[in-house]
Amino acid sequence: MIWIDTLVQGILLGGLYALFAAGLSLVFGIMRLVNLAHGDLIVFAAYLVLMGVTLLGLSPWIAVLIAMPVMFCLGWLLQTIVLNRVLGKDILPPLLVTFGLSVALQNGLLEAFSADSRRIPAGALEGASLDFGLVTVGVMPLLTFASAVAAILALNGLFYHTALGRALRATSDDPVTAGLMGIEPKRIFAIATGIAMVVVTIAALYLGMRANFDPSIGPARLIYAFEAVIIGGLGSLWGTLAGGIIIGVAQTFGAAVNPEWQILAGHVAFLVVMLLKPRGLFPRAVD
């Protein structure tokens, strides 16, 4: 029963990692952009939600609804003003620009909020749980996993059942031909980054409600996101969920054996998958 509980907790933890990784997977799948500031943008969104809760007295659920359009606009502006200028066949300029953005975000947040750890208050949800007999599941981890699945379902619905989705897929496959058909690739890229920032805001909500955060934790969140994306296969959203679950399960089993092995076990699982499936479990452009 202990190992069943460990497995369930690991799967639910994987939902959080999938939320971290979904925006990264989306951006890579459409424009082949590796955003090194992704983890710091999650932390920035967490502080944005926290400000809505502490300064405006809103519930976290209302605050995140307000933060979503703000983050969409931020992503749109970031892509339009900065990233579109450096996109091309050479992957080095976007890496350097997003690395610089990561450093700037960390230092900006440090100046604005200090190095103190913060947490988004979740009220009764923080300790709420459901008893299923063999296992007891926390309501917060269950909501996190459900939100990850819902986000991926929504993104797939957008890609395959809307005109915007057709434009996103066409631009991903061949930006030049898409441009000849009347689609503006740079505008599509900006919209894609804005959508990714909406997913980032959802991830930030659960990050802030489940654990303490501070301006320095962005790179660690980026590592988990990268590993989930690469395990699942670059650009595959459902693969990203699978990658998050694999990391989460590995970490909970590692912690069950020895608490010091929790983080290491996730990295070892990543390496094992890379040895067996170097291109990831479900490699495809966008799924």
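So, how was this worked out
- Residues numbered from 1 in each chain as written.
- Predicted model: local features only at pLDDT ≥ 70, side-chain atom pairs only at ≥ 80, totals over all residues.
- Heavy atoms only, no water.
- 1 Å grid on protein atoms, 1.4 Å probe; cavity = no way out; pocket = protein on both sides within 12 Å on 5 of 7 lines; lining within 4 Å.
- Points joined across faces, edges and corners; volume = space filled by probe spheres on them.
- Helix = DSSP H or I, 4+ residues; strand = E, 2+ residues; numbered from the N terminus.
- Nonpolar A, V, L, I, M, F, W, Y, C, P; charged D, E, K, R; others polar.
- UniProt positions renumbered as here; feature names shortened; annotations may be inferred.
- Buried < 20%, exposed > 50% of the residue type's maximum accessible area, 1.4 Å probe, protein only.
- Expected span 1.5 Å × (residues − 1).
- Bend = angle between axes of the 7 residues up to and from the residue.
- Core = buried A, V, L, I, M, F, W, Y, C linked by side-chain atoms within 4.5 Å.
- Contact = heavy atoms within 4.5 Å.

Another point: the layout of surface pockets. By volume, the largest pocket is sized at about 340 Å³. Lining the largest pocket we find 18 residues, and of these Met31, Arg32, Leu87, Gly88 and Phe189 sit closest to its centre. Among the elements of the structure, helix H1 (2-31), helix H4 (92-113), helix H6 (163-173) and helix H8 (185-210) are those that each provide at least two residues to the lining of the largest pocket. Counting residues per element, the lining of the largest pocket draws most heavily on H8, at 3 residues. Lining the second largest pocket are 15 residues, and of these Leu16, Tyr17, Ala211, Arg221 and Tyr224 lie nearest its centre. Among the secondary structure elements, those contributing two or more residues to the lining of the second largest pocket are H1, H8, helix H9 (218-232) and helix H11 (262-276). With 4 residues, H1 is the single largest residue contributor to the lining of the second largest pocket. The class makeup of the residues in the lining of the second largest pocket is 10 nonpolar, 3 polar and 2 charged.

The next thing to look at is empty space enclosed by the protein. Tallied over the entire structure, the rule returns 1 cavity of 30 Å³ or more. Roughly 50 Å³ of volume is contained in the largest cavity. Lining the largest cavity are Gly23, Leu24, Val27, Leu33, Asn35, His38, Gln79, Leu83, Thr193 and Met197. Those elements giving two or more residues to the lining of the largest cavity turn out to be H1 and H8. By residue number, the principal contributor to the lining of the largest cavity is H1, which donates 3 residues.

Another aspect to go through is the UniProt feature "transmembrane region" (unreviewed entry) in the protein chain. In the numbering used here, UniProt assigns the "transmembrane region" (unreviewed entry) feature to residues 6-29, 41-58, 64-83, 134-159, 188-208, 228-249 and 261-278. Note that residues 228-249 is 82% helix and 0% strand, and that its end C-alpha atoms are spaced 12 Å apart.

The next subject is unusual backbone geometry. Positive phi outside glycine occurs at arginine 32, with the angle close to 55°. Of note, serine 114 is a non-glycine position whose phi angle comes to about 70°, a positive value. Within the fold, serine 114 resides in the loop between H4 and strand S1 (129-131). Overall, the relative accessible area of 27% leaves serine 114 in the partly exposed class.

On to H1. The terminal C-alpha atoms of H1, which comprises 30 residues, lie 43 Å apart, in line with the 44 Å expected from a rise of 1.5 Å per residue. In H1, a bend of some 35° at alanine 21 exceeds every other bend along the element. The buried fraction of H1 amounts to 22 of the 30 residues, a majority that puts the element mostly inside the structure. The positive-phi residue at the C-terminal boundary of H1 is arginine 32, with phi of around 55°.

Quick look at the nonpolar core now. If you look at the biggest cluster of nonpolar residues, it comprises 79 residues, and the most contacted ones within it are Phe20, Val49 and Phe213. Considering every element that reaches this core, the biggest residue donor is H8, with 16 residues. If we ignore the near neighbours within four places in the chain, the residues touching valine 49 are Pro60, Ala63, Val64, Ala67, Ile120, Thr201 and Leu205.

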